[in-house]
Amino acid sequence: ATGAGESPDAPAAGPTSTDNALSPQERTLALAMSEEPGEPLGWTPNVFFQLAAGLPQLGRASADLTAAWRGLERNRSLFKPGPILRRLLSRDFFHSEQVTSSGMTLRCAFVGLNSGELRYMREDGHIVDRDDKVLAGNPFDISMGVLASCSIPGVFKPVEMNGEWYVDGGIRENVPVEEAVSNLGVTRPYVIVSGPSGLNYDAQVGSGDLISILFRIQSIQSDESERDEVAYARSSGAVVIEPELSVHETMEFDPGTLRINRDYGWMRAAEAVHEADAATQQVNREIIETRLQAWKRERQMKPGSPHEFDQAMLNEVGQLKLHLQSLLGSADKNLLPPDAQQWWTRSEGDDAPAAS
């Protein structure tokens, strides 16, 4: 917990002997926020290839390998969790014990670095193997399992539980439908895929350096693996919710774009659940594309930019907003979030009305 007068962005101290006074959830936060010095790591082709192989989630991102190099030399990760995680794990926002007592069945996936095996944490905090057999060792607060499941190797440090270090389960399986169908008896799984299948065409990668080639290879392998997993999900009768558009890049943190992406996910879920036809889905897709075009122009006109007072660009934004209004009028209202009719009247950057 943040002490009085402490900045929410200030580094938190690592776990200490006083941790017994903290709740299990608070100990998870203290562990996540601690920064341990790592041993210097030799930079070899083998080390780099292992890093690349462990980052399928970042295949579409423009990785800064210079930062990766320096991060590997200093620590076991490039980043540490910040104020967002601090907020998510605060006791005034979330109580992890409610998951255990909810009556829900949960499996949170992660991979053991020592064993190389896929593992899951149950709702009661016990760790099980891919056959759903309980492994020896103590149970943990569910927040520890979530932290391990989020620990993309090379980006965030691994999480130790019962003598083994764990990282993101997506290293082995991004769509763990087999666990739900084979071991838990789920008859109608719902699968959420976070990114569209396929890769953008890259005309330069073949003539690029070793680093770009290796990352491209890992992106292709990851995409192929996910396609197989989604195909298995469909054959098992799953309702698959997946994007057709790539709204934002993996390492992009623009609030407006994230807001559009959130709404797009809501709409894709509604389309899948209500089995929307192709024409209806096309209208929804055009709504998102129009919002993205308008927001791109709005960002170019931010205060202090060369286009701040560009009347032609302002007129273009106005036309896009009017087109968005028309699209929203023709869309199926059951497939739109509650605030959808306000999209054409507001800027994506804030809650102020859009320029007229």
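Note that this is a predicted model, so its numbers are computed, not measured.

What counts, and where the lines are drawn
- Residues numbered from 1 in each chain as written.
- Predicted model: local features only at pLDDT ≥ 70, side-chain atom pairs only at ≥ 80, totals over all residues.
- Heavy atoms only, no water.
- Helix = DSSP H or I, 4+ residues; strand = E, 2+ residues; numbered from the N terminus.
- Buried < 20%, exposed > 50% of the residue type's maximum accessible area, 1.4 Å probe, protein only.
- Contact = heavy atoms within 4.5 Å.
- Areas by Shrake-Rupley, 256 points an atom, 1.4 Å probe, with all protein chains shown as cover.
- pLDDT = per-residue confidence, 0-100.
- Axes fitted to C-alpha atoms, helices over the stretch in contact; angles between N-to-C directions.
- Parallel < 35°, antiparallel > 145°, perpendicular 65-115°, else oblique.
- Nonpolar A, V, L, I, M, F, W, Y, C, P; charged D, E, K, R; others polar.
- Disulfide = S-S within 2.5 Å.
- Polar contact = N/O pair within 3.5 Å; in protein donor to acceptor, adjacent residues only side chain to side chain.
- Pairing = 2+ DSSP bridges.
- Phe/Tyr/Trp six-rings, centres within 6.5 Å; stacked < 30°, edge-to-face > 60°.
- Lys NZ or Arg CZ within 6 Å of the ring centre and 35° of its normal.
- Salt bridge = Lys/Arg side-chain N within 4 Å of Asp/Glu carboxyl O.
- Expected span 1.5 Å × (residues − 1).
- Arc of directions from axis to C-beta.

Explain the overall build of the chain to me, using residue names and the numbers behind them.
Helix and strand content of the chain: 11 helices and 7 strands. Looking at the chain as a whole, 39% of its 356 residues are labelled buried. Counted over contacts in the chain with a minimum sequence separation of 6, partners at least 24 positions apart contribute 63%. Per element, the accessible surface of the chain, about 19,800 Å² overall, is 54% carbon and sulfur.

How would you summarise the confidence of the model for the chain if you had to cite specific residues and measurements?
Interpretation of this model should avoid reading the predicted coordinates in detail wherever pLDDT is low. The predicted model of the chain has a mean per-residue pLDDT of 81, with 79% of residues at 70 or higher. Confidence over residues 37–43 falls short of pLDDT 50; this stretch has 14 contacts with residues more than four positions distant or in other chains. A low-confidence stretch, residues 352–356 (pLDDT under 50), is modelled with 12 contacts involving residues beyond four sequence positions or located in other chains.

Describe the environment of Arg297, naming the residues involved and giving the relevant values.
Relative to the helices and strands, Arg297 resides in helix 10 (residues 278–300). Those residues within four positions of Arg297 in sequence are excluded, and the remaining contacts are Met313, Glu316 and Val317.

So what's going on with the packing of helix 9 (residues 255–274) against helix 10? Residues and values would help.
One can describe the packing of helix 9 onto helix 10 by two numbers: an axis separation of 11 Å at closest approach and a directional angle of 180 degrees. Classed by the angle they form, the pair helix 9 and helix 10 counts as roughly antiparallel. Across the interface between the two elements, Gly256, Thr257, Arg259, Ile260, Asp263, Tyr264, Met267, Arg268 and Glu271 from helix 9 touch Gln281, Asn284, Ile287, Ile288, Arg291, Leu292, Trp295 and Arg299 from helix 10. Partitioned by chemical class, the residues of the contact of helix 9 with helix 10 number 7 nonpolar, 4 polar and 6 charged.

Residue-level account of unusual backbone geometry, with values.
Non-glycine residue Asp132 carries a positive phi angle of around 70 degrees. Relative to the assigned elements, Asp132 resides in the loop between strand 3 (127–129) and helix 6 (142–149). Non-glycine residue Asn162 carries a positive phi angle of around 50 degrees.

Give a description of the state of the cysteines that names residues and reports values.
A full pass over the atoms with the stated rule returns 0 disulfides. Counting only cysteine sulfurs, Cys150 is the nearest neighbor of Cys108, a cysteine outside any disulfide, at a range of 7.2 Å. For Cys150, a relative accessible area of 45% puts it in the partly exposed group.

Which residues make up the environment of Tyr120, and what values go with them?
Mapped onto the elements, Tyr120 comes out in strand 2 (residues 118–122). Classification of Tyr120 by relative accessible area gives buried; the value is 2%. For Tyr120 and Val134, which are 14 residues apart along the polypeptide, the C-alpha to C-alpha distance reads 9.5 Å. The contacts of Tyr120, once residues within four sequence positions are left out, are Arg107, Cys108, Ala109, Phe110, His126, Ile127, Val128, Asp129, Arg130, Glu173, Pro176 and Glu179. Only 3.2 Å separates the side chain of Tyr120 from the side chain of Glu173, close enough to count as a polar contact.

Got a sec to walk through the sheet that holds strand 4 (residues 159–161)? Specific residues and values, please.
One open sheet accounts for 5 strands, arranged 3-2-1-5-4; its pairing is antiparallel. At either end of the open sheet lies a strand with only one pairing partner, and these are strand 3 and strand 4. With direction set aside, neighbouring strand axes in the sheet form an average angle of 45 degrees. On the sheet, helix 6 packs against strand 1 (107–112), strand 2, strand 4 and strand 5 (164–168) and is oriented at approximately 55 degrees with respect to strand 1.

I'd love a proper account of the packing of aromatic side chains, names of residues and values included.
Across all of its chains, the model carries 1 aromatic pair by this definition. Positioned over the ring face of Trp343 is Arg291, at 4.0 Å from the centre of the ring.

Break down the pattern of salt bridges for me, with residues and values.
In the structure shown here, the tally under the stated rule is 18 salt bridges. Residues Glu271 and Arg268 are paired through a salt bridge, measuring 2.7 Å at the closest nitrogen-oxygen approach. With Glu271 and Arg268 both in helix 9 and 3 residues apart, this pair spans about one turn of that helix. Residue classification places Glu271 among the buried positions, given a relative accessible area of 4%. We classify Arg268 as buried; its relative accessible area is 13%. Close ionic contact of Glu298 with Lys321 constitutes a salt bridge, the shortest N to O distance being 3.9 Å. Of the two residues, Glu298 sits in helix 10 while Lys321 sits in helix 11 (residues 311–330), which places them 23 residues apart along the sequence. Residue class for Glu298 comes out buried when judged on its relative accessible area of 14%. Among the ionic contacts, a cluster of salt bridges with common partners joins Glu244, Arg268, Glu271, Arg285 and Glu289.

Tell me about helix 11, and please be specific about residues and values.
With 20 residues, helix 11 should cover 28 Å at 1.5 Å per step; its first-to-last C-alpha distance of 29 Å lies within 8% of that length. Taken residue by residue, helix 11 has Met313, Val317, Leu320, Lys321, Leu324, Leu327 and Leu328 as its buried positions. The buried side chains of helix 11 occupy one side of the element, clustering within an arc of 120 degrees when seen end-on. For helix 11, the exposed residues lying more than 90 degrees away from the buried face are Ala312, Gln319, Gly329 and Ser330. In this structure, the buried residues of helix 11 make contact with helix 10. Between a side-chain oxygen at the N-terminus of helix 11 and the backbone nitrogen of Ala312 the separation is 3.1 Å; the capping residue is Asp310.

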